[in-house]
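A look at the structure
One-letter residues, chain by chain:
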Amino acid sequence: MTTALTADAGTLDGEAMFDALIEADGRIEPRDWMPEAYRRTLIRQISQHAHSEIIGMQPEGAWITRAPSLKRKSILLAKVQDEAGHGLYLYSAAQTLGITRDEMTQQLVDGKARYSSIFNYPTPTWADMGAIGWLVDGAAICNQVPLCRASYGPYGRAMVRICKEESFHQRQGFEILLTLMQGTEEQREMAQDAVNRWYWPSLMMFGPPDDDSPNSAQSMAWNIKRFSNDDLRQRFVSMLVPQAAVLGVTLPDPDLRFNDETGQYDMGEIDWTEFHEVLAGRGPLNTLRRQHRREAHEEGAWVREAAAAYAAKKNAARTQTAAA
Ligand SMILES: [Fe+2]
Ligand SMILES: [Fe+2]
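Right, let's walk through the structure included here. These numbers come from a predicted model, not from an experiment.

**Comments concerning the coordination of the iron ion (ligand 1)**
Protein coordination of the iron ion (ligand 1) is provided by Glu53 (OE), Glu83 (OE), His86 (ND1) and Glu166 (OE), with donor distances spanning 2.0 to 2.2 Å. Viewed at the metal, the four donor atoms of the iron ion (ligand 1) are separated by angles of 85 to 143 degrees, and the geometry they form is irregular. Site description for the iron ion (ligand 1): donor spacing in sequence, E-x29-E-x2-H-x79-E. The distance between the iron ion (ligand 1) and the iron ion (ligand 2) comes to 3.4 Å, with glutamate 83 serving as a donor to both metals. With glutamate 53 in helix α3 (residues 36-55) and glutamate 83 in helix α5 (residues 70-95), the pair connects residues that are 30 residues apart, well separated along the chain.

**Description of the nonpolar core**
Counting residues in each nonpolar core, the largest one holds 79 residues, and the members touching the most others are Tyr38, Ile46, Trp134, Tyr152, Tyr155, Trp198 and Tyr199. When residues no more than four places from it in sequence are discounted, the contact partners of tyrosine 199 are Leu135, Val237, Leu240, Leu251, Pro252, Asp253 and Leu256.

**Quick word on the pattern of salt bridges**
Pairing is possible between side chains that carry opposite charge, provided their charged atoms lie close to one another. Inspection of every chain in the model, using the stated rule, returns 13 salt bridges. By sharing partners, the salt bridges in this structure join Glu60, Lys79, Glu83 and Asp137 into a single network.

**Some remarks on the coordination of the iron ion (ligand 2)**
In an ideal tetrahedron of four donors about a metal, each angle is 109.5 degrees. In an ideal octahedron of six donors, the angles are 90 or 180 degrees. All of the protein donors around the iron ion (ligand 2) are Glu83 (OE), Asp137 (OD), Glu166 (OE) and His169 (ND1); their distances to the metal are 2.0 to 2.2 Å. Geometry at the iron ion (ligand 2) is irregular, judged from the four donor atoms that bind it and their angles of 87 to 160 degrees at the metal. In terms of primary sequence, the donors binding the iron ion (ligand 2) are separated according to E-x53-D-x28-E-x2-H.

**Remarks on the packing of aromatic side chains**
Inspection of every chain in the model, using the stated rule, returns nine aromatic pairs. Centroid distance tryptophan 63 to tryptophan 126: 6.1 Å. Interplanar angle 65 degrees. Geometry classified as edge-to-face. In this pair, tryptophan 63 sits in the loop between α4 (57-61) and α5 while tryptophan 126 sits in the loop between α6 (101-109) and α7 (127-144), placing the two residues 63 residues apart along the sequence. Judged by its relative accessible area of 8%, tryptophan 63 is buried. Classification of tryptophan 126 by relative accessible area gives buried; the value is 10%.

**Thoughts on unusual backbone geometry**
At aspartate 25, a position not held by glycine, the phi torsion is positive, near 60 degrees. Inspection of the secondary structure puts aspartate 25 in the loop between α2 (14-23) and α3.

**What to know about helix α9 (residues 185-204)**
Taking 1.5 Å as the rise per residue, α9 with 20 residues should run 28 Å; its terminal C-alpha atoms sit 30 Å apart, in good agreement. At tryptophan 198, α9 shows its strongest bend, of approximately 30 degrees, with the proline proline 201 following within four residues. Buried within α9 we find Ala191, Gln192, Ala194, Val195, Trp198, Tyr199, Trp200, Pro201, Ser202, Leu203 and Met204. Turning to α9, the residues buried within the fold contact α7, α8 (153-181), α11 (229-247) and α12 (272-282).

**Focus: the packing of α3 against α5**
Contact geometry for α3 and α5: axes closest at 8 Å, N-to-C directions at 160 degrees. In this view, α3 runs roughly antiparallel relative to α5, as classed from their interaxial angle. Considering only the axes of α3 and α5, their crossing is left-handed. Residue-level inspection shows Ile46, His49, Ala50, His51, Glu53 and Ile54 of α3 in contact with α5, the latter providing Glu83, Ala84, His86, Gly87, Leu90, Tyr91, Ala93 and Ala94.

Here is what the cut-offs are and how they apply
Residues numbered from 1 in each chain as written. Chains lettered and ligands numbered in written order. Predicted model: local features only at pLDDT ≥ 70, side-chain atom pairs only at ≥ 80, totals over all residues. Heavy atoms only, no water. Donors = N, O, S within 2.8 Å, 3.2 Å for Na, K, Ca; no water. Tetrahedral: all angles 85-135°; square planar, octahedral: opposite > 155°, others 65-115°. Helix = DSSP H or I, 4+ residues; strand = E, 2+ residues; numbered from the N terminus. Core = buried A, V, L, I, M, F, W, Y, C linked by side-chain atoms within 4.5 Å. Buried < 20%, exposed > 50% of the residue type's maximum accessible area, 1.4 Å probe, protein only. Contact = heavy atoms within 4.5 Å. Salt bridge = Lys/Arg side-chain N within 4 Å of Asp/Glu carboxyl O. Phe/Tyr/Trp six-rings, centres within 6.5 Å; stacked < 30°, edge-to-face > 60°. Expected span 1.5 Å × (residues − 1). Bend = angle between axes of the 7 residues up to and from the residue. Axes fitted to C-alpha atoms, helices over the stretch in contact; angles between N-to-C directions. Parallel < 35°, antiparallel > 145°, perpendicular 65-115°, else oblique. Left-handed = near helix turned anticlockwise from the far one by under 90°.

Distances and angles like these do not, on their own, reveal function.
Rendered as structure tokens:
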């Protein structure tokens with residue numbers, strides 16, 4: 001398929017080539033012609049995704065110094081560090097579309113760019129580390145595995161490695177909850193409480209219902225998105241139900257049951273008012289998360305300056321050697 005397209009490339013103009021590649025489920029690469037709307041959609045989606053990884057370091061980062069053992073501390077540290085790495089791959093992928101890292105960072109600290117609403121919720125107990133890994137990273141996997149086949153090459157390739165790491169994140173969360181559920185009555189209550197608080201927001205991570213998701217159709221036509229929000233949500237819940245049984249936790253939805261006729265899970269109504277409130281910046285910790293990111297960026301200015309000065313010095317030395 002790819003060979004045929006390459007052979008034809010000489011006779012096709014940019015737009016026809018783009019359409020043919022999408023039609024053949026091929027990959028669009030940075031130097032290929034692409035519609036402006038496709039480029040803008042990807043810049044928005046990939047940068048929001050990158051911001052989510054970076055902001056997502058905060059709720060868990062807060063527990064690194066308070067993790068209950070050295071082993072837990074090193075696991076959590078590795079997990080939070082992975083999220084920084086995810087942010088960096090994704091910023092790099094977005095840069096291939098013609099936006100700079102500085103512009104994206106500025107949009108984030110100025111409050112102009114969005115990131116996933118889930119990271120605006122607080123993490124008051126250690127069990128939150130378990131619930132985030134199990135539910136939040138779990139939802140991220142369901143969302144992101146199909147993105148490994150996204151039509152834009154750099155995005156799809158970044159997602160392959162990210163997804164492998166997300167599986168580790170989900171298992172470490174599950175294991176934290178399993179340990180707590182096998183502990184004292186108080187520990188079991190702590191685990192259940194964290195699941196109660198994170199369950200609904202994790203379902204909201206798939207975005208609004210299909211009939212209220214205006215950009216989905218275009219993203220699916222461009223092979224960026226492969227499954228609808230509701231399909232992915234359904235897939236996530238089907239994965240959670242047996243795992244919740246192993247853990248011994250209750251999913252906090254009294255209406256949740258398997259429907260033999262549809263072969264799917266019926267669920268209770270999601271509180272979309274809460275979703276829109278958090279999205280509009282009025283979630284529990286929106287201001288704090290952004291403020292921390294802004295401060296970290298400002299406090300890190302000297303590191304960026306030092307790195308740039310060092311690179312300039314190295315370059316100058318190399319030019320001199322080459323000239324000699
Ligand atoms: Fe991540
Ligand atoms: Fe993760």
